[in-house]
Amino acid sequence: MSDTPRVARPPATGRVAKPRVIVTRELPDTVMARMEALFDTTNNRGDVAMSRDQLAAAMADCDVLVPAVTDTIDAALIEGAGERLRLIANFGAGVNHIDLKAARARRIIVTNTPGVLTEDTADMTMALILSVPRRLAEGEKLVRSGAWTGWSPGGMLGYRIGGKALGIVGMGRIGQAVARRASVFGLSIHYHNRHRLPKVLEGELGAEWHANLDEMLGAIDILTLHTPLNDDSRGLIDARRIALLRPHVFVINASRGGILDEDALVDALENGRLAGAGLDVWQHEPRIDPRLLALPNVVMTPHMGSATYEGRVASGDKVIANIRMWADGHRPPDQVLEGWA
């Protein structure tokens, strides 16, 4: 690092008449049009992810960067950013791809778009909870293959989910939305969270809190993950904890790939120590372990849990609101603190 002293950064908030905004991925047309009307905006209309050099060049030439989950904004990029960069307005709720500590050291505000994708992600989670035990992906492939010979009493047998115990790791907005859906299907709700929910909310959800995650893992039939990815949750469901799950358990992950140890998951699936899995996120995304591709009892979707037109537009609206509040000299409504989890 250079010994040359940095020029003092101006306050994080302050009036900026028409901020220079660079957006790293293609957003819905209506969102891009509004951004171009309101700000001095460069949109990525080709929707090819920026290289590291392109990100560095963008961060040297804007007041506001609008990245997405595919952009790794690490300490080195933030340290090398231009003095004018004062807001990183993330398109999405998760911010594990942004070094919050480095941003804070440079007095750069980070915002996200919480809440708008809750229902969409919960819907996808519930779809996976239904699809894996009932073998929907296997059945669809069988029909398409032309090998299906018709109904039979023993054909494509799966498992009903009514009466089973669902374990939810992370009982925030999405976890609670999943609990509400799952209870309608007759699942009993168990959860592990850093902090226990108020008893009134527990009663509303019909949810039982487990202070000890290991204890909960041994008592459930389906496991679903809904915690943000951070230092505490990275590798949370590792080989030791997967071994605590009973062989009939199904594992669902529509949160972040880094929470679940894929090597340990594959080993358990290949050796019959788990019944199946539903995965919308991946540890080394977009690369997928070929061993997972070969397993018939794994339902796989391409990180589409939040992929609805309505959700994308709502996320864009939040990004715009955050930029406008900051440009007007106010704290953005969705500012992320360094200890966000």
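Residues numbered from 1 in each chain as written. Predicted model: local features only at pLDDT ≥ 70, side-chain atom pairs only at ≥ 80, totals over all residues. Heavy atoms only, no water.

The protein has the name Lactate dehydrogenase in an unreviewed UniProt entry, where Sphingomonas palmae is given as its organism. Among the UniProt annotations of the protein, the heading Sequence similarities (unreviewed entry) holds the following wording: "Belongs to the D-isomer specific 2-hydroxyacid dehydrogenase family." (UniProt positions renumbered as here; feature names shortened; annotations may be inferred.)

### Describing the UniProt feature "domain: D-isomer specific 2-hydroxyacid dehydrogenase catalytic" (unreviewed entry) in the protein
According to UniProt, the feature "domain: D-isomer specific 2-hydroxyacid dehydrogenase catalytic" (unreviewed entry) maps to residues 21-336 in the numbering used here. In this annotation, residues 21-336 is assigned 36% helix and 14% strand; the end-to-end C-alpha distance for the span is 19 Å. (Helix = DSSP H or I, 4+ residues; strand = E, 2+ residues; numbered from the N terminus.)

### Overview of helix α2 (residues 52-59)
Buried within α2 are the following residues: L55, A58 and M59. One face of α2 carries all of its buried residues, which in axial projection span an arc of 95°. Buried residues belonging to α2 abut β1 (20-23), β3 (64-66) and α3 (75-79). (Buried < 20%, exposed > 50% of the residue type's maximum accessible area, 1.4 Å probe, protein only. Arc of directions from axis to C-beta. Contact = heavy atoms within 4.5 Å.)

### Here we look at the pattern of salt bridges
Summed over all chains, the structure comprises 21 salt bridges. One salt bridge in this structure joins D232 and R194, with 3.9 Å as the shortest N-O distance. Remark: R194 occurs in the loop between β7 (188-192) and α8 (199-205) and D232 occurs in the loop between β9 (222-225) and α10 (239-242); sequence separation between them is 38 residues. Each member of the pair D232 and R194 is classed as exposed. For D267, the salt bridge is made with R273, and the minimal N-O distance between the two is 2.4 Å. Since its relative accessible area comes to 35%, D267 is described here as partly exposed. Three or more residues are tied together by salt bridges with common partners; here these are E119, D123 and R181. (Salt bridge = Lys/Arg side-chain N within 4 Å of Asp/Glu carboxyl O.)

### Observations concerning the environment of C62
Among the secondary structure elements, C62 is positioned in the loop between α2 and β3. The exposure class of C62 is buried, given its relative accessible area of 0%. Spatially, the C-alpha atoms of C62 and L87 are 9.2 Å apart, while their sequence positions differ by 25 residues.

### Quick notes on the packing of helix α5 (residues 118-131) against helix α7 (residues 173-184)
Packing of α5 against α7 brings their axes to within 9 Å, and their N-to-C directions diverge by 50°. In this view, α5 runs oblique relative to α7, as classed from their interaxial angle. In the crossing of α5 with α7, the sense of the turn from one axis to the other is right-handed. Contacts between α5 and α7 involve T118, E119, T121, A122, D123, T125, M126 and I129 on the former and, on the latter, R173, I174, A177, V178, R181 and A182. Looking at side-chain class alone, the contact of α5 with α7 contains 7 nonpolar, 3 polar and 4 charged residues. (Axes fitted to C-alpha atoms, helices over the stretch in contact; angles between N-to-C directions. Parallel < 35°, antiparallel > 145°, perpendicular 65-115°, else oblique. Left-handed = near helix turned anticlockwise from the far one by under 90°. Nonpolar A, V, L, I, M, F, W, Y, C, P; charged D, E, K, R; others polar.)

### A few points about the side chain of S306
Structurally, the position occupied by S306 is in the loop between β12 (298-300) and α13 (309-327). Apart from residues lying up to four places away in sequence, S306 is in contact with L117, D120, T121 and R312.

### Re the packing of aromatic side chains
If you walk through the whole model with that rule in mind, you get 1 aromatic pair. Centre to centre, the rings of Y159 and F250 are 6.4 Å apart; their planes meet at 55°, and the pair counts as tilted. Here Y159, found in the loop between α6 (136-145) and β6 (165-169), pairs with F250, found in strand β10 (residues 250-253); they are 91 residues apart in sequence, far enough to count as distant. Overall, the relative accessible area of 53% leaves Y159 in the exposed class. (Phe/Tyr/Trp six-rings, centres within 6.5 Å; stacked < 30°, edge-to-face > 60°.)

### Remarks on α7
Across its 12 residues, α7 extends 18 Å between first and last C-alpha, which sits within 8% of the 16 Å expected from 1.5 Å per residue. Listed as buried for α7 are G175, Q176, A177, V178, A179, R181 and A182. Those residues of α7 that are buried are in contact with α5, β6, β7, α8 and β9. Just past α7, the residue G186 takes up positive phi, approximately 85°. (Expected span 1.5 Å × (residues − 1).)

### A look at the domain arrangement of the protein
If you check the domain split of the protein, you get domain 1 (20-112 + 308-328) and domain 2 (118-145 + 157-300). Each of domain 1 and domain 2 was reduced to a C-alpha centroid, and the two centroids are 31 Å apart. (Domains from an automatic or database assignment.)

### A look at the sheet that holds β10
Here 7 strands make up an open sheet; going across it, the order is β8-β7-β6-β9-β10-β11-β12 and the pairing parallel. Both edges of this open sheet fall to β8 (207-209) and β12, since each of them pairs with a single strand only. The sheet shows a mean angle of 20° between the axes of neighbouring strands, taken without regard to direction. In the packing of helix α11 (residues 262-270) onto the sheet, contacts are made with β10, β11 (276-279) and β12, and the angle to β11 comes to roughly 145°. (Pairing = 2+ DSSP bridges.)

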